[in-house]
Each structure stands twice: as C-alpha cells, then as structure tokens.
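# Examination of the molecular architecture
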Amino acid sequence: MQKTIDISKQLKQTRRRENIAGYLFMAPSLLFFAGFVIFPMGMCLFTSMFDYTMTNFDFVGFSNYYELFRDPTFGKSLINTIIIVVASVPTVCLFSLWVGSIIYKLKDIHTSFFRCIFYLPVVTGSVAVTVVWKWMFNPYYGLLNYVFKGLGIISTNMNWLGNMDTALWCIILILFTTSVGQPIVLYVSALSNVDHSLVEAAEVDGATNMQVFWRIKWPQIMPTTLYILVITTINSFQCFALIQLLTSGGPNYATSTIMYYIYYEAFKLSRYGYGSAMGVILAIIIALFSAVQFRLAKSDQ
Amino acid sequence: MDHSVQKVTAYKVIAVILLIVLAVLFTFPLYWIITGSFKDARAINSPAPVWFPLQPTDANYIKLFTKPAGLWMFNTVFLCVMAMVLTCIAAAMGGYALAKKHFAGRGILFSIFVCAMALPKQVILIPLLKEMAFLNIHNTLWAVILPTVGWPFGVFLMKQFSENIPNEMLEAARIDGAGEARTFTDIVFPMIKPGVGALAIFTFITAWNDYFLQLIMLNDTQVLTISLGIAKLQSELSTDYGLIMAGAALGSVPIIVIFLMFQKFFTRGITMGAVKG
C-alpha cells in the first residue's frame, strides 16, 4: 500500500518536473512568438473593426470590410494578385520539377552547381534584383530593348514598366526568377529519396520512362509538391518589394496588389484600421488557397 | 531497348544544353550588377550596352561610401548577427522541448506554431509597428530583430532535428544525475549542432533580405540597412545606375559569398524544414 502511494507520488513528481522543464525550455521562443506574432495577429483582427488613423480610434464594426468590397482599387489589386498567383504557381512548380528531374541524376558537383545558380536570385535579395531589372527595363538605355530590337522582336523602344499591358508581366517574370530556387532544392532532395527498388522493378517489367515517372516517382514526391504549391502561393501573394520599387503599383493601378495596397493605405495614408481589414482578408484568401490545394493533392493521391 | 537508351541520351543532352543557357540567364542580373558598379556615366547611359567595363572606375564605390554605406553595412551585420544568435538559442531550446519533453499542452502548442507559419508575415506589420512604438524601440534595429526571432520556422526546424536524439541517451544522462540544463548543453546541443548551423545561416540570409520589415520599422538615416540604402539611392538618384549598382553589389555579394560557403548547411535547412507528415 505504502509502496503504490510512493510510486504514484513519484510519477506525479516526474510529470511536474517534465512540465516545469518543458515550459522553461519553451519560455524564450514562446515569449517572442506570443509577443511578436500571436499578439499582433490578434490586434490585426481587433483594429480592423476601428476607424483607426493618426488622429482617430473609433469603433466602426464591419464598415472597413464593407468599404473594401466597394473600393475599386481593392478590386483591381485583388484581380492583379490573383493573376500573379495563377500565372506563377503552376509555372514555378513545373519548371522546378523539370530542372530538378534533370539535375538530380547528374554528378554531385554538377547538381550543386545548378542548384546554386538557380538559388542565386533569391540570395541576391529582392532590392538588388529589383534595381538591376529596373535598369534593364529602362526605356532609353535598358538592355532588354537593345536585345529585343536586335532579335527583331520589337522595332522601337518599349516602356515596359510604364505600359499597362506589359507592366504586370514584367513583375511576374522577375518574380519567377526569384521563386524557383527553393522548389528546385526541394525537388532534388525528394527525387533522390525515391525508393529505387520500385523504379528498377518497373523498368524490368518494361515500363517507359514516362510511366516510371508518373506512376512511381510522382506519387512519392507528392508531399513535396504539396509543400511547394503552398509556399509558392504564399510567396506570390506577398510579392511586395518588386512592386514598390519598380512601379509603385502603377501605371494606373495596373500592378497594384493587395500587399502593395495594404502598404499604401496603412503606411502612406496612415489608415491603419482599413489596412488591417485588408490584411485579414488576405490571410483568409491565402488560407483558402492552401486548403484547396491540400484537398486537390489529397484526392489526386 | 538500345533505341530507347539513345533517345534518353539525346533528350538529356538537349536538356543539359538548355539548362546551361538558363544558368547563364539566371546569373546575368548579378553579372550586370557587378560590372555595372564599375562603369562610368557614359558606359551606363549608352544606348548600346557596354558588355564589359574595359576602363573600370571606382568612382561609384567612393561615392557610395559617402552616403554612408559603411554605416548601412554595420547596421545590417549587427541586425543579422543578433537575429541569428537569438533565434538559434530560442529555437534550439524550444525545438528540443517540443520534441522530447512531455509537458501538458505540447500538441496544441506545436499546432499553433505550424499554423502561424502558413500565415502571411507581412499582414501583422501594422500592429507590430504600433507595438514597437509603444515599447519605444521603433526606429531602432531591435524593432526588426525581435519579430525575426519570434517567427516560428526556427522552432519547427529545430524540433525536426531534435527528434533524432535517441531517448536512451537522455535517459542515461538522467540516471547519471545530470540536471536538465546539463543534459541540454552536454548531450542535446552537440547532437543538434548541424541543425543549429542550418538555422543560423538561414536566419542570417533571411534577415539580410527582409526588406519590408526594415522599410516599416526603420526611417532614421542612422539606422538604415543596406537594402534600405539601395532603395533610398534609387528614389533619390534614380538615373545614377552606376552608384545604384555599386550599392546592389555591396548588398548582395557578401551574402552570396556566405551562401556559397555554407550552402550544404543551408540546403539541409530548407529540406528539413519541409519534411512534414
């Protein structure tokens, strides 16, 4: 009797010790996480209900959200954002899958060479990348006009970033070059980890390369594809530096995105409540997109 | 059979040639930054591009350091090192606890960390700005460092690495009478060192390039980073591309060198961070 009490007491003590130790180890990260991620997230929801500017702080319920749905610039920015996402996510995924599937079979040193090259624009940093592209797109002495004229694609200099029809596509192109690095790294590692015995068995049975790829490798790299879809979607939704530095959302809002419009309303016009409401909507849209991709990928499996 | 092998080879050859062309295109902006930074105004503004500066000039760099780029670099390095050290300490401890400590609420806590990662970081910038103003650290480098440390990716990554520590080793340490702190510093830390390395380099590079956060938090000329500095050059002297390219080179070449030196660690960090069930 005495002994069982001892044991249960000891158990309780161990459990308490584990709890205390666990929370002590968690304390630093939890403090930063709660203070600088969770708390602001909550505040974002809260302030979206207020007419919150430099001078005002009045509760207005959902009227920021009502205003959003009637704001043509928000509508335009939403459409631009969706164009960017729809154009870049599939191209980034397919391109990186293609590159990954070629380079993972090369010699190690060649694999890392190509992996580094495609990662370079990411490491170079959005600001440095943006300023050099701005120079290359320059209508008077930009490199691209010179090259395209030389190739006979255009006959006179184009103002690529100042033209409503081309500006958004320029952004999408630059975004593409800075987006494929991480997916390629992930695909190379996923493809190298594909179970080889299955591939060999299929080859012995006379399967073509295409069949081996789609029937055996593709299902095995599905979790990676899913992850890449989600991160590429989030990245495309958040594309900001490019737009702020290249076009400031112009010409005539042709390149304004939700992220840029949030910046403009909240930090240029100091409309914090309105900006927060847009932030909430953006978070919901991203969550929905990710959820849909999860569903599609799951049913595909 | 022979035929199919040959077809594969032909495809492979074409594919590799195409890859090399793409590699040149992907490296070109960097080449243009570096060569551009050594060009004089005539070479910069010539309608027919000067492919290589045959008479390189250092005028752009001299001008750049009067802007003052030295201060920008100092701020950037300080910011990145601080963010890196704090993130590694906090994340190594937190990740270990999430992987190995059976405390109440562990499951829920982990789910919250993972969900927060999927949310757009920039959405919280508005309240974050107000919070920093309230804490009286707005316009200091700490306003950028603290939120970087709070981002949950590090904890997530370190949890992945900590799971590989064999429970028997922790058990043995406990039986030998090692306290929690001793166990962490002597047993756990050496085992997750590669993970910490990966996280360190990852945090450093991310912090270096986190333009949006810096843009919102830092306005004073005293606290500008190199990214903000380049952006400022561009908005003030938008046609002096030689100077702007010198800034871009200063902002990107050091970080590229660091990336190339530690790319093994870095790649591992990216891959480990993605492996989830």
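Residues numbered from 1 in each chain as written. Chains lettered and ligands numbered in written order. Predicted model: local features only at pLDDT ≥ 70, side-chain atom pairs only at ≥ 80, totals over all residues. Heavy atoms only, no water.

### Quick look at the overall build of chain A
Looking only at helices and strands, one finds 14 helices and two strands in chain A. Against the compact-globule benchmark of 19 Å for 301 residues, chain A has a radius of gyration of 25 Å, which places it well outside the compact range. In terms of principal-axis extent, the alpha carbons of chain A reach across some 95 × 75 × 35 Å. With 301 residues in all, chain A has 54% of them scored as buried. Across chain A, every contact between residues at least 6 apart in sequence was considered, and the portion connecting residues at least 24 apart equals 66%. Looking at chain A as shown, the accessible area adds up to about 14600 Å², and 64% of this sits on carbon and sulfur atoms. Side-chain charges in chain A split into 19 positive and 14 negative, and the spacing between the mean points of these groups amounts to 6 Å. (Helix = DSSP H or I, 4+ residues; strand = E, 2+ residues; numbered from the N terminus. Rg over C-alpha atoms; globule rule 2.2 N^0.38 Å. Buried < 20%, exposed > 50% of the residue type's maximum accessible area, 1.4 Å probe, protein only. Contact = heavy atoms within 4.5 Å. Areas by Shrake-Rupley, 256 points an atom, 1.4 Å probe, with all protein chains shown as cover. Lys, Arg positive; Asp, Glu negative; His and termini not counted. Charge placed at Lys NZ, Arg CZ, Asp CG, Glu CD.)

### Observations regarding the packing of helix α5 (residues 126-136) of chain A against helix α12 (residues 226-236) of chain B
For the pair α5(A) and α12(B), interaxial distance at closest approach is 9 Å and the crossing angle is 25°. Judged on the interaxial angle alone, α12(B) and α5(A) are roughly parallel. α12(B) is crossed by α5(A), and the crossing has left-handed handedness. From α5(A), A:V127, A:V131 and A:K134 reach across to α12(B), where they touch B:S227, B:I230, B:A231 and B:Q234. (Axes fitted to C-alpha atoms, helices over the stretch in contact; angles between N-to-C directions. Parallel < 35°, antiparallel > 145°, perpendicular 65-115°, else oblique. Left-handed = near helix turned anticlockwise from the far one by under 90°.)

### So, the packing of aromatic side chains
Going through the model one piece at a time under the given rule, you end up with 48 aromatic pairs over all chains. Judged by centre distance (5.1 Å) and plane angle (90°), the rings of A:F213 and A:W214 are edge-to-face. Between B:F153 and B:F202 the ring centres are 4.9 Å apart and the planes differ by 35°, which places this aromatic pair in the tilted class. A residue pair is termed long-range when its members are at least 10 positions apart, and B:F153 in helix α8 (residues 153-162) and B:F202 in helix α10 (residues 180-209) qualify at 49 residues. With respect to class, B:F153 is no different from B:F202; both count as buried. An aromatic cluster of three or more residues is present, and its members are A:W135, A:Y141, B:F28, B:Y31, B:W32, B:W51 and B:Y241. Directly above the aromatic system of A:Y274 lies the positively charged group of A:R271, at a separation of 4.3 Å from the ring centroid. One Lys or Arg, B:K39, reaches over the ring of B:W32 and ends 3.7 Å from the middle of that ring. (Phe/Tyr/Trp six-rings, centres within 6.5 Å; stacked < 30°, edge-to-face > 60°. Lys NZ or Arg CZ within 6 Å of the ring centre and 35° of its normal.)

### Some points on the domain arrangement of chain B
Reports of interface size often rely on the accessible area that becomes lost once the parts have come together. All names here are of chain B. Domain boundaries assigned for chain B yield domain 1 (2-36) and domain 2 (66-273). Using only C-alpha atoms to locate each centre, domain 1 and domain 2 end up separated by 34 Å. Between domain 1 and domain 2, the contact holds five residues from the first and seven residues from the second. Both faces considered, domain 1 and domain 2 share a buried interface measuring about 400 Å² in area, 83% of it formed by carbon and sulfur atoms. Our count for the domain 1 to domain 2 interface comes out at zero salt bridges. Summed over the shared surface of domain 1 and domain 2, the number is zero residue pairs in polar contact (both at pLDDT 80 or more). A per-class count over the side of domain 1 that touches domain 2 returns four nonpolar, one polar and no charged. (Domains from an automatic or database assignment. Buried area = accessible area lost by both parts, 1.4 Å probe. Salt bridge = Lys/Arg side-chain N within 4 Å of Asp/Glu carboxyl O. Polar contact = N/O pair within 3.5 Å; in protein donor to acceptor, adjacent residues only side chain to side chain. Nonpolar A, V, L, I, M, F, W, Y, C, P; charged D, E, K, R; others polar.)

### As for a nonpolar patch on the surface
A cluster of nonpolar residues, B:I34, B:F38, B:V253, B:V257, B:M261, B:F262 and B:F265, forms a patch on the protein surface that exposes about 550 Å² of accessible area. By residue number, the principal contributor to the nonpolar patch is helix α13 (residues 241-261) of chain B, which donates three residues. (Patch = residues over 30% accessible without salt bridge, like charges linked within 9 Å, V, L, I, M, F, W, Y side chains within 5 Å.)

### So, the nonpolar core
With 196 residues, the main nonpolar core has A:F118, B:L64, B:Y211 and B:M217 as its most contacted residues. With 14 residues, the single largest contributor to this core is helix α4 (residues 69-100) of chain B. In this view, B:M217 contacts B:L128, B:L129, B:M132, B:H138, B:N139, B:A143 and B:V144; residues no more than four positions away in its chain are not counted. (Core = buried A, V, L, I, M, F, W, Y, C linked by side-chain atoms within 4.5 Å.)

### A word on the side chain of A:T166
Residues and elements named next belong to chain A. Along the chain, T166 falls in the loop between α6 (143-150) and α7 (167-177). Judged by its relative accessible area of 15%, T166 is buried. A polar atom in the side chain of T166 sits 2.7 Å from the backbone oxygen of W160. Excluding residues that lie within four positions of it along the chain, T166 makes contacts with M158, N159 and W160.

### Considerations on the interface of chain B and chain A
Counting from both sides, the interface comprises 96 residues of chain B and, opposite them, 86 residues of chain A. The contact between chain B and chain A buries some 7900 Å² in all, and 78% of this surface belongs to carbon and sulfur atoms. When residues of chain B are sorted by the area they lose upon contact with chain A, B:L19, B:F26 and B:I126 head the list and together hold 10% of the total. At the junction of chain B with chain A, the criterion picks out two salt bridges. Across the pair B:E180 and A:R17 runs a salt bridge, and its minimum N-O distance is 3.6 Å. Joining chain B to chain A, the criterion identifies eight residue pairs in polar contact (both at pLDDT 80 or more). Sorting elements by how many residues they give to the side of chain B that touches chain A places helix α1 (residues 2-36) of chain B first, with 18 residues. Broken down by class, the residue content of the side of chain B that touches chain A amounts to 68 nonpolar, 18 polar and 10 charged.

### Overview of unusual backbone geometry
The linkage connecting B:K67 with the following residue, B:P68, adopts the cis geometry, with an omega of 5°. With respect to the element layout, B:P68 can be found in the loop between α3 (59-64) and α4. Of note in this structure, A:N252 is not a glycine but carries a positive phi near 50°. Structurally, A:N252 is set in the loop between α12 (241-246) and α13 (258-268).

### Some points on the environment of B:G177
Residue and element names in this part refer to chain B. Within the element layout of this structure, G177 appears in the loop between α9 (167-175) and α10. Accessibility expressed as a relative area gives 60% for G177, which makes it exposed. It is 18 Å that separates the C-alpha atoms of G177 and P166, two residues lying 11 residues apart in sequence.

### Observations concerning the environment of B:V253
Along the chain, B:V253 falls in helix α13. Along the chain, B:V253 and B:I34 lie 219 residues apart, while their C-alpha atoms are 8.6 Å from each other.

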